[in-house]
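# Residue-level structure breakdown
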2 protein chains.
Amino acid sequence: MIAILRRYLPVLDWGSRYNRKALSNDLIAAVIVTIMLVPQSLAYALLAGLPPQAGIYASIVPILLYSVFGTSRALAVGPVAVVSLLTASAVGQVADQGTAGYAVAALTLAFLSGSFLLLLGVLRLGFLANFLSHPVIAGFITASGLLIATSQLKHIFGVEANGHNLVEMVGSLVAHLGQINTITLVIGVIATGFLFWVRKGLKPRLLKSGLSPLMSDVLTKAGPVAAVVVTTLAVWGFGLADRGVSIVGEVPQSLPPFTMPGFAPDLIRQLAMPAILISIIGFVESISVAQTLAAKKRQRIDPNQELIGLGAANIGAAFSGGYPVTGGFARSVVNFDAGAETPAAGAFTAVGLAIAALLLTPLLYFLPKATLAATIVVAVLSLVDFSILKKTWGFAKSDFVAVAATILLTLGFGVEIGVASGVAISVLLHLYNTSSPHVAEVGRVPGTQHFRNIHRHRVEIDPALLTLRVDESLYFVNARFLEDLVQDRVTADCPIRNVVLMFSAVNEIDFSALESLEAINKRLTDMDVGLHLSEVKGPVMDRLKNAHRIHEMNGNIYLSQFDAWQELAANPSKAQEES
Amino acid sequence: MIAILRRYLPVLDWGSRYNRKALSNDLIAAVIVTIMLVPQSLAYALLAGLPPQAGIYASIVPILLYSVFGTSRALAVGPVAVVSLLTASAVGQVADQGTAGYAVAALTLAFLSGSFLLLLGVLRLGFLANFLSHPVIAGFITASGLLIATSQLKHIFGVEANGHNLVEMVGSLVAHLGQINTITLVIGVIATGFLFWVRKGLKPRLLKSGLSPLMSDVLTKAGPVAAVVVTTLAVWGFGLADRGVSIVGEVPQSLPPFTMPGFAPDLIRQLAMPAILISIIGFVESISVAQTLAAKKRQRIDPNQELIGLGAANIGAAFSGGYPVTGGFARSVVNFDAGAETPAAGAFTAVGLAIAALLLTPLLYFLPKATLAATIVVAVLSLVDFSILKKTWGFAKSDFVAVAATILLTLGFGVEIGVASGVAISVLLHLYNTSSPHVAEVGRVPGTQHFRNIHRHRVEIDPALLTLRVDESLYFVNARFLEDLVQDRVTADCPIRNVVLMFSAVNEIDFSALESLEAINKRLTDMDVGLHLSEVKGPVMDRLKNAHRIHEMNGNIYLSQFDAWQELAANPSKAQEES
């Protein structure tokens, strides 16, 4: 009982050993992370199409719940860029921005996503996340970064525009260029330029001036806060809101409210697929960050318990005015670098954000949306990395195809179609790659018990004996390939009296492959040729024995290829020339 | 040029060596097959929902075209049971039986299917058929056999009934039981009983009475002809058509007419998916039969040229009043057993059927539909074989799940959903099975250079050295599994200073796996643990070198595991006890 509680409630483990030193480290980390999170949360809410406070609410209750159920010591849970974009895309299909239905749909999305994550965790199905291959993730993140940055240009230009893919967005922007608000554009461009400089220019300068890496990092991460303060003061001081600069406006001064997601069957049906997609993408991002940070301190992450932690966080978001959340990269790294020792740091961050939500929100009235858009643009452009195309091109063409297709389809048809096609393409490419396995014809290295590819080595062969080494597990996609190959070789080469299949690299065999072996056996029997196996691995042998058909083979199973050679090679020829 | 012609026109090859002996053998085979095909063609047309002559037309031009383009010497192309059912299911969704639109849709389906097969053949994509695993095919054939037999009961009962799945069909039959026509039922039951007896009881008796196997077989196959003749005479003689027995009626006395498939975009869009499905299922049935028969005479089948042959046959069917065709099992075996030597036997069969279409059709006026239904029921019940459930259960649970799901989904939701889900399920099960590969922790067999699983053998280990033998190719679905495994082992076991991954069974590695290796390397570096590889295969080594990242590893790559052991095992412990 206690063991089960400890497994599902990791807080019992670290909580019982909590001490004063951990407390002071966690408090310092919480202060730093809170400063960074206030503008980021507002910005991501804007990206998701929600009122700014939703971003702050989404960082409070979810963080608290994750600190109870999660296994990572440093992961910071809350809104992140890609999930915010996915939320905007999914919710935009069922309701219009600014309506009550939109907010309810976002809550419902968080609820569905949380339920799905919980379900995966309880059923221990975390491996499903592996269907997203690295090339698909890299292509998707790069394309999403571009889409997100483009989607924010309207705030920087001060125009109305929209669209679900790159072409629509750019077209809509160009169509509205005549309505640009010059003051908004100036604020947006200056803020963007400043934030880029903070990121690229300030940190090296601070480090050179002798500041500690941690302090340099904190100051750099505080850049958005500076931009928020300065541009808000400017808008307030010069009365720019009256001159067409779009501002955040009234933000309620409140702790996270109790909210209810929608349970209408229609709404749930429409949001189910996007919720699954958001869950899996969010989980992959979160688990990668968590494992990278845990490894630095030789700590363990339990992927299935992480699903439960993230599931609880999202359900929390659904009932407290938020929207889908996950473990974010930037905020978690800051948390870790700032010295967070336990999930309590997250709980303290939640308290800090709650105080901000209660006290600071009136100060945000004159905050221009262009500044928030600038923080998003600068943050997501660091995600855009086309070098993955070059890396995969040099490595394997099928990985390149998966990346390129994911990027193009995401940009061209939006995030959901992009990532779904990416998964389908990488699965199909994998199946294609294994559909014609490498099969080497082998002969004996003279004077040894070793057998090598006759096309690569100088080996002895016997014209009446064909030995094929199969370098892949046999299953339905490649079973017929072997059938065809054996039939082709034997019909083309009349002296062959015996065929040996060398199974040293066959790790598994399924029912289709078993039936293919039987078909090969039957056909070779019809041609009066013997079929033998050699070097069959334990698990494969067990399966063949289970099938009770092993005795129907017209030949033998040899422990080693050398045994087969000694018995079957009556007239070995001289060693072949190297080719 | 000649070579290309010979490749695409196999007739040039066998035609140039045709002689008197082959001619006489082919003629005999053609006579036997023609006798068998007349009732079978009528029956399958009935199953497809088409007028009876469509079945005969579908056996004439397609056979001629296949004999020019196909590579099998004995394959007999024409309507088959499963494809006829698929045709009824697909065409029934766009038009009502008996309308002109229904016949045009069947022609269009044949045209689309033929075009798709041709395309696959020209692009040499025959391997796509391998996505249908043996368990899925077996489950699908069994379930289809049941569906087909059930669909024919209405003709035997003499009632109106329909439905796309087993529940609907049985429900519809039961609802109409009150309208049973007793005379029809008597004819149907007697015909069915007679045909079962011919199949199970007559052949052994003929063999025992000293008849040659060929003659016994011919007489058995002529059973349906006898049933047709006797029941037709009975209906005519006793005037049963006036007493409610449903008859075939007027069949035009004509050679195959020239017909045009429909090219309306809407029709093509609706029939495209069913056409692809029919193509692939037809191709799989055909190629299995062709290869089995070819092997008996050590002949070669070219799967991609077979696609072209079947494609031409289906396009021929589209323009000559037929419907989708493929190489049938029963007719091909009869053709082969009757001594057919070349595809010319098929051409002679086509001539025989053309004569039948011209001369015999008036005699079919009083043929009761119940007799045709009986021939279908008896033919397809031999396809029903639930033993596949038991066989796969004993072999591997994932194969069993694929069979069971395909059977249930086909019976419950119809043929198209059944087979599509079967393919999806077998792909997912395969990915699941490879998602957690077998990884063995190995130690050294004392005094040797061999390394074995520490849980199965008495081996030496060094507590500071962890050696894992990975028994599967690494790709995106299982890459993270290895990451987690290494991290778990190293964080759980503090003395570990070096990790060796033994890659002797890793046949391939993709970009995701490469990045996982990098992640493992980075995490182990953070924990101050060395990462090494051993026994890396050539192709995998090439890829690692291409990626230019092999030098970023904190450890070495050893040619053999023994080299790694010698360098890294500082304090090998004594041999472990056998566990």
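The structure contained in this document is the topic of the report that follows. (Residues numbered from 1 in each chain as written. Chains lettered and ligands numbered in written order. Predicted model: local features only at pLDDT ≥ 70, side-chain atom pairs only at ≥ 80, totals over all residues. Heavy atoms only, no water.)

For the rest of this paragraph, the subject is the overall build of chain A. Within chain A, the secondary structure is distributed over 24 helices and eight strands. Contacts in chain A between residues at least 24 apart in sequence constitute 80% of all its contacts with a sequence separation of at least 6. Once the 40 positive and 39 negative side-chain charges of chain A are each reduced to a mean point, those two points are 11 Å apart. (Helix = DSSP H or I, 4+ residues; strand = E, 2+ residues; numbered from the N terminus. Contact = heavy atoms within 4.5 Å. Lys, Arg positive; Asp, Glu negative; His and termini not counted. Charge placed at Lys NZ, Arg CZ, Asp CG, Glu CD.)

Each copy superposes on the other: chain A lies on chain B with an RMSD of 0.2 Å after a rotation of 180 degrees and an axial shift of 0.0 Å. This pairing of chains is accounted for by a two-fold axis. Minimal C-alpha distance to the rotation axis in chain A is attained by A505(A), lying at 2.9 Å. Of all interface residues in chain A, 100% are interface residues in chain B too; the two copies therefore contact each other through one and the same surface. (Least-squares fit on C-alpha atoms with pLDDT ≥ 70 in both.)

With that settled, consider the packing of helix 8 (residues 134–157) of chain B against helix 19 (residues 397–413) of chain B. All names here are of chain B. Running from amino to carboxyl end, helix 8 crosses helix 19 at an angle of 25 degrees, the nearest separation of the two axes being 8 Å. Compared by their axis directions, helix 8 and helix 19 come out roughly parallel. By crossing handedness, the relation of helix 8 to helix 19 is classed as right-handed. Contact with helix 8, carried on its side by P135, V136, G139, F140, T142, A143, S144, L146 and L147, involves D399, A402, V403, T406, I407, T410 and L411 of helix 19 and no other residues of that element. Classifying every residue of the contact of helix 8 with helix 19 by side-chain character gives ten nonpolar, five polar and one charged. (Axes fitted to C-alpha atoms, helices over the stretch in contact; angles between N-to-C directions. Parallel < 35°, antiparallel > 145°, perpendicular 65-115°, else oblique. Left-handed = near helix turned anticlockwise from the far one by under 90°. Nonpolar A, V, L, I, M, F, W, Y, C, P; charged D, E, K, R; others polar.)

Below, the discussion takes up the interface of chain A and chain B. Contact with chain A, which involves 70 residues of that partner, is made by 70 residues of chain B. Of the roughly 6100 Å² buried at the junction of chain A and chain B (both faces included), carbon and sulfur atoms supply 54%. Counting across the chain A and chain B interface gives zero salt bridges. There are eight residue pairs in polar contact (both at pLDDT 80 or more) connecting chain A and chain B. Listed by contribution, the elements that provide at least two residues to the side of chain A that touches chain B are helix 8 (134–157), helix 13 (265–296), helix 18 (387–395), helix 20 (415–435), helix 21 (476–492), helix 22 (511–526) and helix 23 (538–546) of chain A. With nine residues, helix 21 of chain A is the largest single contributor of residues to the side of chain A that touches chain B. Considered class by class, the residues forming the side of chain A that touches chain B number 28 nonpolar, 20 polar and 22 charged. (Buried area = accessible area lost by both parts, 1.4 Å probe. Salt bridge = Lys/Arg side-chain N within 4 Å of Asp/Glu carboxyl O. Polar contact = N/O pair within 3.5 Å; in protein donor to acceptor, adjacent residues only side chain to side chain.)

For the rest of this paragraph, the subject is the side chain of R469(B). Residue and element names in this part refer to chain B. The residue R469 is located in strand 5 (residues 465–470) in this model. Under the relative-accessibility criterion, R469 is labelled buried at 19%. Within the structure, R469 has its side chain in polar contact with the side chain of D471 (distance 2.9 Å). Excluding its chain neighbours within four sequence positions, the residues that come into contact with R469 are H438, V439, A440, V442, M502 and S504. (Buried < 20%, exposed > 50% of the residue type's maximum accessible area, 1.4 Å probe, protein only.)

In the structure shown here, the tally under the stated rule is 16 salt bridges over all chains. Note that K21(A) is salt-bridged to E341(A), the shortest N-O span being 3.1 Å. Placement of K21(A) in helix 3 (residues 20–47) and of E341(A) in the loop between helix 15 (329–337) and helix 16 (344–359) is noted, with a sequence separation of 320 residues between them. Residue classification places K21(A) among the exposed residues on the basis of a relative accessible area of 55%. In this structure, E460(B) and R444(B) form a salt bridge, with 3.3 Å as the shortest nitrogen-oxygen distance. Of this pair, E460(B) sits in the loop between strand 4 (451–453) and strand 5 while R444(B) is found in strand 3 (residues 439–444), placing the two residues 16 residues apart along the sequence. Take E460(B) and R444(B): they sit in the same class, and that class is buried.

Attention shifts here to the pairing of strand 7 (residues 530–534) of chain B. Residue and element names in this part refer to chain B. Burial runs high along strand 7: five of the five residues are buried. Alternating residues of strand 7 divide into G530, H532 and S534 and L531 and L533, and every residue in both groups is buried. By the bridge criterion, five bridges tie strand 6 (residues 498–502) to strand 7 in an arrangement that is parallel. Counterpart to L501 in the pairing with strand 7 is L533. Crossover connection from strand 6 via helix 22 (residues 511–526) to parallel strand 7: handedness right-handed. (Pairing = 2+ DSSP bridges. Right-handed = clockwise from strand over helix to strand, strands pointing away.)

Moving on, we get to the packing of aromatic side chains. The final tally for this structure, using the stated rule, is 18 aromatic pairs over all chains. Taken together, a centroid distance of 6.1 Å and an interplanar angle of 15 degrees make the contact between F258(A) and F319(A) stacked. Note that F258(A) is positioned in the loop between helix 12 (223–238) and helix 13 and F319(A) in the loop between helix 14 (303–318) and strand 2 (326–327), a separation of 61 residues in sequence. Look at F319(A) and you get partly exposed, because its relative accessible area is 23%. Ring plane angle 70 degrees and centroid distance 5.8 Å describe the contact between F511(A) and F395(B), whose orientation is recorded as edge-to-face. Highlighted residues: F511(A) in helix 22 and F395(B) in helix 18 (residues 387–395), drawn from two different chains. We note K397(A) situated over the ring of W393(A); from NZ or CZ to the ring centre the distance is 4.4 Å. (Phe/Tyr/Trp six-rings, centres within 6.5 Å; stacked < 30°, edge-to-face > 60°. Lys NZ or Arg CZ within 6 Å of the ring centre and 35° of its normal.)

With that settled, the discussion passes to the sheet that holds strand 3 of chain B. Strand pairs in the sheet, formed through backbone hydrogen bonds, run parallel or antiparallel to each other. All names here are of chain B. Strand order in the open sheet made by the six strands is 4-3-5-6-7-8, with mixed pairing throughout. A single partner strand is all that each edge strand has here, and the edge strands are strand 4 and strand 8 (557–558). Relative to the sheet, helix 21 (residues 476–492) contacts strand 3, strand 5 and strand 6, its axis offset from that of strand 5 by approximately 160 degrees.

Looking now at unusual backbone geometry. All names here are of chain A. Its identity as a non-glycine residue notwithstanding, R124 has a phi of 55 degrees, on the positive side. As for its position among the elements, R124 is in the loop between helix 7 (100–122) and helix 8. Non-glycine residue D528 carries a positive phi angle of around 65 degrees. Inspection of the secondary structure puts D528 in the loop between helix 22 and strand 7 (530–534).

Further remarks concern a nonpolar patch on the surface. The grouping of L255(A), V351(A), I355(A), L358(A), L359(A), L360(A) and L363(A) at the surface amounts to a nonpolar patch, some 650 Å² of accessible area in total. Tracing the chain through its elements places L359(A) in helix 16. (Patch = residues over 30% accessible without salt bridge, like charges linked within 9 Å, V, L, I, M, F, W, Y side chains within 5 Å. Areas by Shrake-Rupley, 256 points an atom, 1.4 Å probe, with all protein chains shown as cover.)

Turning our attention to helix 7 (residues 100–122) of chain B. For helix 7 of chain B, spanning 23 residues, the distance from its first C-alpha to its last is 33 Å, which sits close to the expected 33 Å at 1.5 Å a residue. Trailing helix 7 of chain B by a residue or two, R124(B) shows a phi angle of about 55 degrees, which is positive. (Expected span 1.5 Å × (residues − 1).)

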